[in-house]
Structure formats: C-alpha cells, structure tokens
Amino acid sequence: MHRSCNAILPLATNKALHPTTRAQCNIQVRTLSLQDYLCEKTRPKFLREMRESLIEIGTFYIKDHGVPTNLEAEAMEVVRDYFALPLEEKKKMLIGNSRHFRGYKLIGDELTNNQVDHREQLQFAPERPALESFIPTISHDHDGLRGPNLWPESTTELLPQFKPCILEFMNQLETLSQHIMEAIALSLDLDASYFHDLFGADPYYRLKCAKYPSVPLEKEAKIGCGAHKDTGFLTVLLQDMVGGLQGQDPVSGQWMDTKPISGTFIVTMGEAIERLTGGLYHATVHRVLNNTSGRDRYSIPFFFDPALDARVPHQLPIRCTDQEKTFGKSSSLCALPTSDQALGSGDVSSDEDLETLVDALDIHDRLLRRSSSSSTSSVSGTWSNGEHIFETVKRCHPEVYSR
C-alpha cells in the first residue's frame, strides 16, 4: 500500500512576501569545515557563514567532519552489496517484519508528495532492547519505536561486515550531528549545550539507505523521490557521485542541483528547526530527479532528533537583524507573519500573485494548527518529540502499525 511520507509545504515566491529579490538560482550552497568550528580562532567565521546559509536556504556541505574516510567508503560498499542480494534474501528484512519500523522496502512501495518513489530503501535506528513494559494500545505509541534492528542470520553470513559497519557509521554520524547541533545553538545566541540538553542522553535517529536504479532515457518519466521537507531537526546525507539531488531556493522557488562533493556530507534543516526559529532557519525543500545516468545511485541520509521522551518548545526567542527580517520575517523575534501582516505586505496584482499569497498563508495556518495540536501539546508550551516521530513513521509505514 502506498503512503505519502512527507508532504511538501508550498513556497511563497511573491515579491510582496519577500521584500528582497535575487537572480534566479544564483545562490550558492556553501562548503564549511567542521575543523573551523572546533578551532576557537575560526569559530566566529564558521558560525556566521553557517547562520547565513541556514537563513538563505537551510543547507550546507560539511567537510573535515571527522568521520573516517574508510568508514564512508565501507558504508557505501555494504549498502551496495545489500541491495545486490537476491530479492528473497532482502525480503527477510521487510519493514513489516519489525515492530519498531526498521527494515527493507521494495521499490515503488512509498510515495512522497503524492508521487511514487523510484527507489529501494533500508532503514535502521538506535540498536536498543525493546521495552519489556510496552503494551500496544496502552503504552505510549512512541515507546514501541525503541528496539533492535533486523539482522537475519543468513544476511549477516553473506555480508559479515554489514552489521558492524552500519552500527559504527551511525555512531560516527551521531557524534558529527552533536557537533552541528551545538554550532546551531551558538549561531542562535543560545548556550552551546542547549540542544544537547534538549535531545537528552539517548537521542533518537534513523539511518535510511536508498538505491535509485538507473532507468532508460526513453522510459516514462518518474521522480526518484518527490519534493518534500524533512520533518525532524537535522539531516546529514552521504551521497555517491551520481547526482540527482536538488534543493529549492525558498525565495525564487527555483531548483538547484546539490552536486556531490567528495569528502563532504550535505547538512539540511528539518521542519522542527524551522518551527523553533519561527522560520528564520529554513527547512529545505528537496527532491531526487529520475536517475538516467546509466549507473545506480546510492545515498545514506541520517535523521537526528531528540530522545523519544523529549518535550520541545514551540519557538525560541530568536533575535535577528533588519537584513535578516527581509527574508520573510516581520518582527524582532522573527516570528511567522500573521495573516494580516502577510496581506498588508504588498499589493496582489494578478491571479498568480493571489495564488502564491494563499499558499503562503496556508503554510502559516498549517504551522499554527500543528503547533496547537492536542495530540502533541498536552504539556503547556511544548510538544512531544516521540509522538511527532511516531506520526511520521506511521504515515510512511502503515504495514508496521497495522500489526
């Protein structure tokens, strides 16, 4: 059964809503060095450039990141080896066999933004024992996310490096993600430990391994993965050199190639950061084009979020400059504009402008409804990260929830 995993939020491209304009697609995705952040002398420059990147588009490349080069290569190799296994062997890890939303999904089994994804997928999360106290329909749903990954004996015998490599790769990416979240906190003039404290001692993360098979040019056009925003806090992506990933400029609405750069990861903000910062930092809309390169494309995104029992505030008291306010902001706290503020920001001169304005207000209304949802806001002023993640994976993988 198909399910739409991430719904795209329409982007406003009306000049009235974005007082600053820029030439189409002239924005550049920066490459930043983690070593510049770790060095006290160069840290201010790193934080300034990262903040500018997250305000402009929500994405940057990170190099000198500390993840061993040989581990990156080995992770890609074991992922390729897994997807090369016979289908019957891969089906032993079907996600429907896991109570914890881990495992394999066949090509065409998932939709993103109402488009069928043309990819195979394999998903992992922290390797933990299942909660013995968990009782379906009685315990919190998100408590069921905790548990072991699927490691069929026959698969690990065929691929002896598969399990140790994936577990170590997740461990290294968690360390990298902690550094990035610390930098994000400092870039927002918060204590360096702010997100570390919020995420807790046991952050929840998901690793997705994806194969985008090459298709002939003459074949009916398909999208590799439909346009969407990631729903969580932080995504760190390793991709091979085939290409096909695109990000959308949040001002012009134009698509830009996020080309592979050897030795880097792509860092992208999710909707949780966009909400916490009142829209100051963008959650990047991105997609993967149909792969017609003649080579299969492989990518490994890592989604980093707080602990399942974490309570997250609706918004941080983020200050921004007048220049930063021009990126669609309307107050010194960089809050989302109200309907009246958006309507009063300029003339609507055409049907296209009106449609764009309606889309922009729809974003605002949906964010407000999501913030006030009773299912995630039972504690005043906060929302449940575990319930947020559970709703996301439940929507993506109904075959697990039905069990």
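Everything below is about the structure shown above.
Just so we're clear, the structure is a prediction, and the values are computed from it rather than from any experiment.

A. View of the overall build of the protein chain. In terms of helices and strands, the protein chain carries 13 helices and 16 strands. Residues counted as buried form 53% of the 403 residues belonging to the protein chain. Counted over contacts in the protein chain with a minimum sequence separation of 6, partners at least 24 positions apart contribute 78%.

B. Up close: the sheet that holds strand β11 (residues 255–257). Pairing is antiparallel in the open sheet, where four strands are placed in the order β8-β13-β10-β11. In this open sheet, the two strands that pair with only one neighbour each are β8 (225–228) and β11. Sheet twist, expressed as the average angle between the axes of neighbouring strands with direction ignored, equals 25 degrees. Pairing geometry for strand β10 (residues 245–248) and β11, over three bridges, is antiparallel.

C. Structural context of the packing of helix α2 (residues 43–56) against helix α6 (residues 162–187). Two elements in contact, α2 and α6, have axes separated by 9 Å at closest approach and are oriented at 85 degrees. Our classification of the angle between α2 and α6 gives roughly perpendicular. Contact with α2, carried on its side by Arg43, Phe46, Leu47, Met50, Arg51 and Leu54, involves Ala183, Ile184, Leu186 and Ser187 of α6 and no other residues of that element. By residue class, the composition of the contact of α2 with α6 is seven nonpolar, one polar and two charged.

D. Broad picture of the pattern of salt bridges. Taken as a whole and judged by the stated rule, the model has 12 salt bridges. Its salt-bridge partner being lysine 90, residue glutamate 120 comes within 2.8 Å of it at the nearest N-O pair. Taken together, the residues glutamate 120 in strand β6 (residues 120–124) and lysine 90 in helix α4 (residues 87–90) connect sequence positions 30 residues apart. Accessibility classification places glutamate 120 together with lysine 90 in one group, the buried group. Residues lysine 211 and glutamate 120 are paired through a salt bridge, measuring 3.9 Å at the closest nitrogen-oxygen approach.

E. Focus on the pairing of β10. By the alternation rule, side chains of β10 split into Leu245 and Gly247 and Gln246 and Gln248, which are all buried. In this sheet, strand β13 (residues 286–288) lies alongside β10 in antiparallel orientation, the contact comprising three bridges. In the strand pairing of β13, leucine 245 is matched with valine 288.

F. Structural context of the packing of helix α3 (residues 69–83) against α6. Here α3 crosses α6 at 135 degrees, and the two axes come no closer than 10 Å. Accordingly, the angle class assigned to the pair α3 and α6 is oblique. The element α3 and its partner α6 pack so that their crossing is left-handed. Between α3, through Leu71, Glu72, Glu74, Ala75, Val78, Val79 and Tyr82, and α6, the contact on the second element is made entirely by Phe162, Cys165, Ile166, Glu168, Phe169 and Gln172. Residues that form the contact of α3 with α6 fall into these classes: nine nonpolar, one polar and three charged.

G. Region of interest: the sheet that holds strand β1 (residues 31–33). Spatial ordering of the open sheet is given by β1-β2-β12-β9-β14-β7-β6-β3, a layout of eight strands whose pairing is mixed. What marks the edges here is a single partner per strand, and that holds for β1 and β3 (103–105). The average undirected angle you get between the axes of adjacent strands in this sheet is 25 degrees. Two elements, β6 and strand β7 (residues 204–212), share five bridges in a ladder whose sense is antiparallel. Within β7, the position partnered with glutamine 123 by the bridge is lysine 208. The strands that α3 touches are β3, β6, β7, β9 (234–239), β12 (265–269) and β14 (297–305); relative to β14, the one it contacts most, it runs at about 115 degrees.

H. Seen up close, α3. Taking 1.5 Å per residue, 15 residues should reach 21 Å; α3 reaches 22 Å between its end C-alpha atoms and fits that length. For α3, the full list of buried residues reads Leu71, Glu72, Ala75, Met76, Val78, Val79, Tyr82 and Phe83. Across the axial projection of α3, the buried residues extend over an arc of 165 degrees, all falling on one side. Residues of α3 that are exposed and point over 90 degrees away from its buried face: Thr69 and Asn70.

I. Looking closely at the side chain of arginine 206. Tracing the sequence through the fold places arginine 206 in strand β7. Setting aside residues up to four positions removed in sequence, arginine 206 forms contacts with Phe124, Ala125, Pro301, Phe302, Phe303, Asp305, Thr392 and Val393.

J. Region of interest: the packing of aromatic side chains. Considering all chains together, one arrives at 16 aromatic pairs under this definition. Their ring planes at 10 degrees and their centres at 5.5 Å tell us that tyrosine 82 and phenylalanine 162 sit as a pair that is stacked. On the criterion of sequence distance, the pair formed by tyrosine 82 in helix α3 and phenylalanine 162 in helix α6 is long-range, its members being 80 residues apart. Grouping residues by exposure puts tyrosine 82 and phenylalanine 162 together as buried. Where phenylalanine 101 meets phenylalanine 390, the ring centres are 5.9 Å apart and the plane angle is 85 degrees; that geometry is what we call edge-to-face. Within this pair, whereas phenylalanine 101 is found in the loop between α4 and β3, its partner phenylalanine 390 is found in helix α12 (residues 385–396), the two being separated by 289 residues in sequence. Phenylalanine 101 gets classed as buried once you look at its relative accessible area, which sits at 8%.

Here is what the cut-offs are and how they apply
- Residues numbered from 1 in each chain as written.
- Predicted model: local features only at pLDDT ≥ 70, side-chain atom pairs only at ≥ 80, totals over all residues.
- Heavy atoms only, no water.
- Helix = DSSP H or I, 4+ residues; strand = E, 2+ residues; numbered from the N terminus.
- Buried < 20%, exposed > 50% of the residue type's maximum accessible area, 1.4 Å probe, protein only.
- Contact = heavy atoms within 4.5 Å.
- Pairing = 2+ DSSP bridges.
- Axes fitted to C-alpha atoms, helices over the stretch in contact; angles between N-to-C directions.
- Parallel < 35°, antiparallel > 145°, perpendicular 65-115°, else oblique.
- Nonpolar A, V, L, I, M, F, W, Y, C, P; charged D, E, K, R; others polar.
- Salt bridge = Lys/Arg side-chain N within 4 Å of Asp/Glu carboxyl O.
- Left-handed = near helix turned anticlockwise from the far one by under 90°.
- Expected span 1.5 Å × (residues − 1).
- Arc of directions from axis to C-beta.
- Phe/Tyr/Trp six-rings, centres within 6.5 Å; stacked < 30°, edge-to-face > 60°.

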